[in-house]
Amino acid sequence: MRHKTIRRLKLFGVRIFLALLACLVLYPLLWMALFSFGNPGISGGAAALLPGSLALGGYRAVFETTPFFLWLRNSFAVASIQTALQVLVGYLAAYAFARFPFPGRSALFYFVLATMVIPAQALMIPMFVTINSLKMINTWAGVIVPFIASGYAIFMLRQFLREVPQALVDSAKVDGCDEGGILWHIYLPLSIPPVAALAVILFVNHWNEYYWPLLVLNEEASMTLPIALVRFKNEGIIEWMPTLAAATLATAPVVAIFLATQKSFVEGFAASGIKG
Amino acid sequence: MRRPSSLPYLFLFPALALYAAFFIAPLFFAGSLSFSQWNLISPKKEFVGLDNYAALFEDPVFWISLRNTVVYAVATVFPSMAGALVLAAVIERSGKRARAVFRTLFFLPVIASLAVTGLVWAMLLNPVGGHFNIILGMLGIRGPNWLNDPFWAMASLVMVGVWRGVSYNLILYIAGIQGIDSQYYEAARIDGAGATGQFFHITVPLLSHVSLFVLVVSVIQSFQVFATVNIMTKGGPNNATNVLVYQVYQEAFQFFDIGRSSAAAVVMLVLVLAVAIAQIRMIESSESSMAR
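Given the structure is predicted, the values throughout are model-derived calculations rather than measurements. (Residues numbered from 1 in each chain as written. Chains lettered and ligands numbered in written order. Predicted model: local features only at pLDDT ≥ 70, side-chain atom pairs only at ≥ 80, totals over all residues.)

Caption draft 1: Expanded view of the overall build of chain B. Scanning chain B from N- to C-terminus turns up 13 helices and two strands. Principal-axis analysis of the C-alpha atoms places the extent of chain B at approximately 80 × 75 × 30 Å. Here chain B, with 292 residues, has 42% of them falling under the buried criterion. Within chain B, counting contacts between residues at least 6 apart in sequence, those at least 24 apart form 69% of the total. (Helix = DSSP H or I, 4+ residues; strand = E, 2+ residues; numbered from the N terminus. Buried ≥ 20, exposed ≤ 12 C-beta atoms within 10 Å, placed from the backbone. Contact = placed C-beta atoms within 7 Å.)

Caption draft 2: Representation of the overall build of chain A. Helices and strands together make up the secondary structure of chain A, namely 14 helices and zero strands. For a compact globule of 276 residues, the expected C-alpha radius of gyration is about 19 Å, and chain A comes in at 24 Å, more than 25% above that figure. By its C-alpha atoms, chain A is 75 × 75 × 35 Å across when sized along the principal axes. Residue pairs at least 24 apart in sequence account for 71% of intrachain contacts in chain A once pairs closer than 6 positions are excluded. (Rg over C-alpha atoms; globule rule 2.2 N^0.38 Å.)

Caption draft 3: Structural detail: the packing of helix α4 (residues 68-99) of chain A against helix α10 (residues 179-208) of chain A. Residue and element names in this part refer to chain A. Axis separation between α4 and α10 bottoms out at 9 Å; the angle between their running directions is 140 degrees. One way to sum up the angle between α4 and α10 is to call them oblique. α10 is crossed by α4, and the crossing has right-handed handedness. Judged by residue contacts, Ser-75, Val-78, Ala-79, Ser-80, Gln-82, Thr-83, Gln-86, Val-87, Tyr-91 and Tyr-95 of α4 engage Leu-183, Tyr-187, Val-195, Leu-198, Ala-199, Leu-202, Phe-203, His-206 and Trp-207 from α10. Taken together, the residues of the contact of α4 with α10 break down into 13 nonpolar, six polar and no charged. (Axes fitted to C-alpha atoms, helices over the stretch in contact; angles between N-to-C directions. Parallel < 35°, antiparallel > 145°, perpendicular 65-115°, else oblique. Left-handed = near helix turned anticlockwise from the far one by under 90°. Nonpolar A, V, L, I, M, F, W, Y, C, P; charged D, E, K, R; others polar.)

Caption draft 4: Region of the structure containing the domain arrangement of chain A. All names here are of chain A. Partitioning chain A into structural domains gives domain 1 (2-56) and domain 2 (61-274). For domain 1 and domain 2, the distance between their C-alpha centroids amounts to 33 Å. Between domain 1 and domain 2, the residue contacts involve seven residues of the former and eight residues of the latter. Residues that form the side of domain 1 that touches domain 2 fall into these classes: five nonpolar, two polar and no charged. (Domains from an automatic or database assignment.)

Caption draft 5: View of the interface of chain B and chain A. Facing 73 residues of chain B, the contacting portion of chain A comprises 62 residues. Here the side of chain B that touches chain A gets 15 residues from one element, more than from any other, and that element is helix α1 (residues 7-33) of chain B.

Caption draft 6: Highlighting helix α5 (residues 114-125) of chain B. Residues and elements named next belong to chain B. Under the 1.5 Å per step criterion, the end-to-end length of α5 is 16 Å for twelve residues, consistent within 8% with the ideal 16 Å. Of all twelve residues in α5, eleven are buried, a share of seventy percent or more. When we look at burial in α5, the residues that qualify are Leu-114, Ala-115, Val-116, Thr-117, Gly-118, Leu-119, Val-120, Trp-121, Met-123, Leu-124 and Leu-125. (Expected span 1.5 Å × (residues − 1).)

Caption draft 7: Highlighting the environment of A:Ala84. One can find A:Ala84 in helix α4. Counting along the chain gives 64 residues from A:Ala84 to A:Ile148, while the straight-line C-alpha distance between them is 9.1 Å.

Caption draft 8: Structural view of the nonpolar core. Counting 153 residues, the largest nonpolar core has A:Ala93, A:Leu229 and B:Met268 as its most contacted members. For this core, the element with the highest residue contribution is α4(A), accounting for 14 residues. Here this core spans two domains, and each of domain 1 (2-56) and domain 2 (61-274) of chain A adds at least three residues to it. Beyond its immediate chain neighbours, meaning those up to four positions away, B:Met268 contacts A:Pro119, A:Ala122, B:Leu244, B:Val245 and B:Val248. (Core = buried A, V, L, I, M, F, W, Y, C linked by C-beta atoms within 7 Å.)

Caption draft 9: Structural detail: helix α9 (residues 166-174) of chain A. Burial runs low along α9(A): only zero of the nine residues are buried. Phi turns positive one or two residues past the end of α9(A), at A:Gly176, with a value near 90 degrees.

Caption draft 10: Seen up close, the environment of A:Leu72. Inspection of the secondary structure puts A:Leu72 in helix α4. A:Leu72 sits in the partly exposed class, given 17 other C-beta atoms within 10 Å.

Caption draft 11: Examining the packing of helix α3 (residues 57-65) of chain A against helix α13 (residues 240-260) of chain A more closely. All names here are of chain A. The contact between α3 and α13 brings their axes to 8 Å, and the two run at 80 degrees. Judged by the angle between their axes, α3 and α13 are roughly perpendicular. Within the contact between the two elements, α3 uses Gly-57, Gly-58, Tyr-59, Ala-61 and Val-62 and α13 uses Met-241, Pro-242, Leu-244, Ala-245 and Ala-246. For the contact of α3 with α13, the per-class residue count stands at eight nonpolar, two polar and no charged.

Caption draft 12: Summary view of unusual backbone geometry. Phi is positive for A:Lys135, close to 60 degrees, though the residue is something other than glycine. Along the chain, A:Lys135 turns up in the loop between α6 (124-133) and α7 (140-144).

Okay, structure coming up:
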């Protein structure tokens, strides 16, 4: 009886500790969301611990003085198209690696792993020169095309596809399924959950991408949200309050997606580290 | 058994063609650019041999940014790993439902973009009206001029790096802990081990393979730190937070010295590869010794 009470108290203590720590860790994001509703009219508003009063002025300023919806559209288009292409190309490659023995398979797979170790930043100047000569600066294609082949996507999908039991494939063959049928009727239906988990992770990553889009997108109308936010904050075109409003708006979609899919998101993310 | 032998190559073709165009070609292109003098605009590139490397190695800024990169990596990676490991163990002890909630909450710093994160942290660290110094002031401490002081600017970047790194590593460690057979913990409890003893005698050693993976990934990532540097400090003050990637960026897109930028990029590439290979060797040798 006494033991049980002590255990309960301990559990309660652990939870209180974690809750306080979570507040501390999430402080910058909570601050951003709270002060985005601050009142730009009150001077020194930022210097207070709490905004004096809540207002929508920051948001109004974002919509009135910036092409916010254009940036939102660019972010959405770039992130979703890039995700779709990476999944498609990655699935085909992963399928080849997982299902067929062929000469050069392990060498090619090591090559894919190597692409994940080599820092992309080291290749961005030649890539920039290439994209520039293809006239793809300030286009969605310029952001997307160089990174369609994703080592991460190939690796993750291959790990999953390897687990599909051979018995399923064999019995499908007995039933007269050809190669196309095996892919379509056996593998694809089983792949929906892992593909969805991977797609969400990729989408969030691309939504937040900073370095490469910074190089490729320098016209206001072509920018994605992270690039536009930093650029216009630095030039002082947006004040701090609207910046917080825009930053909150830029963060809300991915946080919503994450919260809606958090179980498969976290498990898919963790799988990259465990099964390797 | 007959297999249509061209089929796997057909499936691999799109990925391999894209890798050839946007990975292998740029790799060689980067190498050749590092031996040329070019300003990105002029139609002609001049071959200058090893001049760019010589100039780079004579440039004190290069050595400063190399040192800063290593300082940032060491100062970020180990606290992120230790913090995540301890936090993962505590979260595991908070009960089933609470665990899921905390796992989600503590992952949010990774979900917010580095651009947003960098902007927000810079505002919080602002000496005029930023919350950090207001709160320190309430405690009777006069806060530093964070991003304009050589020491505190680097400390600020490390702080943001650890903030994000703990979140990132935490998920990997929680998954690792859940993979540990609960019998180990029961046996330890019977032997009288408390929470701390269990942590050091079971959790830490049984997660060593996760730790090695996290170490490799974290080091590679910390060598590539760019967004927070560009947004929060721009490599300043006086190069105190200049790192290799930022130097590559500056040389190319602010000074238009593509040759020198490419030389710096090649140096960075060799360095990251060397560190990664050394770490992967370490993993392999530890795995084979465990198997023995």
